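Spelled out, the chains give:
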Amino acid sequence: FSFDIARIDALLCFLLVLAMAITVLRSGTISVIGSAMLMALAIFTKQQAFIYLVPITLWLWLRQRSQAILFVATVVALFALGTMLLYDANGQWYFHYVYTIPRAKAKLYGYGRLPFVFSEYVFSGWAVSSIAILFWFFYKRREHTLRSKEGFLFLVWVIAIVQISLHLGDQMSSQNITLPFAAITAILLPIALKELATVTLLTPAVSWLLVIQFAGFLYNPYKENLTIVTQAEKAAARQYCNYLRSINGNVLLWGQQLIPELGDKRSYANNLAVQDAYMPADTTSNRLADDWKRAYSSKLFDVILLDDNNWWMERSLTTYQKVSVINFDSLTIDRKAATALGLPKYVLVPREK
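All of these numbers come straight from a predicted model, not from anything done at the bench. (Residues numbered from 1 in each chain as written. Predicted model: local features only at pLDDT ≥ 70, side-chain atom pairs only at ≥ 80, totals over all residues. Heavy atoms only, no water.)

Draft legend 1. Up close: unusual backbone geometry. At Ala281, a residue that is not glycine, the phi angle is positive and equals roughly 55°. For Ala281, the position within the fold is in the loop between α13 (271-278) and α14 (283-297). A relative accessible area of 55% means that Ala281 is categorised as exposed. The phi angle at Lys299 is positive, at roughly 55°, despite the residue not being glycine. Secondary-structure assignment places Lys299 in the loop between α14 and β2 (303-306). Residue classification places Lys299 among the partly exposed residues on the basis of a relative accessible area of 27%. (Helix = DSSP H or I, 4+ residues; strand = E, 2+ residues; numbered from the N terminus. Buried < 20%, exposed > 50% of the residue type's maximum accessible area, 1.4 Å probe, protein only.)

Laid out in structure tokens, this is it:
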């Protein structure tokens, strides 16, 4: 089901932080194996978790080499086992999505976007926190070697910045990848402020700057405001899901992921996933394209629902015709809170012969 989760970054962040907490707060063979299990799950959640093997392995190596070897061996063994199970469940499609597509998309990777990690994230909205953490670590560098817990957390924080930087090279990068960085910052910042409190002249300035920084998170004219889902919107969402349940047969919501599941309909496709699958232009991609053509020509779907993002598909679906538009006037849903411009509202059904 992880392939259908709209945003897997929160799950990734949870697994990473938990693995690191066990590493720092517990010692012993069982703790190392537990941390390795969580890291393996994080890697299967999002491949970029591989980079966090570096700080944990290095820290364990500096403290006790046998634990570092056990940690890496456990992650490798679980990764091999998980890959075998996923391949058994999904066949060649697993390797196509996890390995073939990323290799094809790598051609579009832009190395020139990597340095913007500093201006866009580290020293923009997070500037005060970042400067405080950097000043604290290097001010106390004699106390906080990489062998210490504080040194480990700082190393993880640096790796999180590297992760964001690498992600920026992807043309589809977005702010969701910053969650691990935000989580580690939230852990390090109180530690840094406590020790910086000994610097008399610095403490008041940092305190007020932090107030301004966090106030900026609440209001930023350049980004969407935080949206709280109201009871009216929940009722409207239930009304839409009930509408889906009332439709008999197969329903295709192109470009949607969770809505079909909530409406007891299969989620046949997400437009981004399908476009990614076409990118390698290999035998598997061509077979997928043929499958979609046959699905439309054989009128596999009893109803197709399109939203404002993909209304243009109507022109290419010659075997289907638009019969109505769902009226959303009674559904008080904030369109900006949705993943698309709006909920699917254009109703297409098979053409009569």
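Draft legend 2. Examining the sheet that holds strand β3 (residues 320-325) more closely. Taking strand neighbours across the sheet as the criterion, the four strands line up as β1-β2-β4-β3 in an open arrangement whose pairing is mixed. With partners counted over all chains shown, the strands left at the sheet margins are β1 (251-253) and β3, one partner each. When strand polarity is set aside, the average angle formed by the axes of neighbouring strands in this sheet is 25°. Note: β1 against β2, three bridges, orientation parallel. Bridging from a neighbouring strand, Val251 pairs with Val303 of β2. Sitting on the sheet, helix α11 (residues 231-246) is in contact with β1, β2 and β4 (346-350), with an inclination near 155° to β2. (Pairing = 2+ DSSP bridges. Axes fitted to C-alpha atoms, helices over the stretch in contact; angles between N-to-C directions. Contact = heavy atoms within 4.5 Å.)

Draft legend 3. Main features of helix α8 (residues 149-168). For α8, spanning 20 residues, the distance from its first C-alpha to its last is 29 Å, which sits close to the expected 28 Å at 1.5 Å a residue. Counting buried positions along α8 yields 15 of 20 residues, so the element is predominantly enclosed. (Expected span 1.5 Å × (residues − 1).)

Draft legend 4. Main features of the packing of helix α3 (residues 53-63) against helix α4 (residues 65-90). Interaxial distance between α3 and α4 falls to 5 Å at its minimum, and their mutual angle equals 150°. Considered as vectors, α3 and α4 are oriented roughly antiparallel to each other. Every residue of α4 that contacts α3 at Leu53, Ile56, Thr57, Leu60, Trp61 and Arg63 is listed here: Arg65, Gln67, Ala68, Ile69, Phe71, Val72 and Val75. Tallied by class, residues from the contact of α3 with α4 come to nine nonpolar, two polar and two charged. (Parallel < 35°, antiparallel > 145°, perpendicular 65-115°, else oblique. Nonpolar A, V, L, I, M, F, W, Y, C, P; charged D, E, K, R; others polar.)

Draft legend 5. Spatial organisation of α3. Regarding α3, the residues found buried are Leu53, Pro55, Ile56, Trp59 and Leu60. Tucked into the core, α3 has its buried residues touching α1 (9-25), α2 (29-45), α4 and α8.

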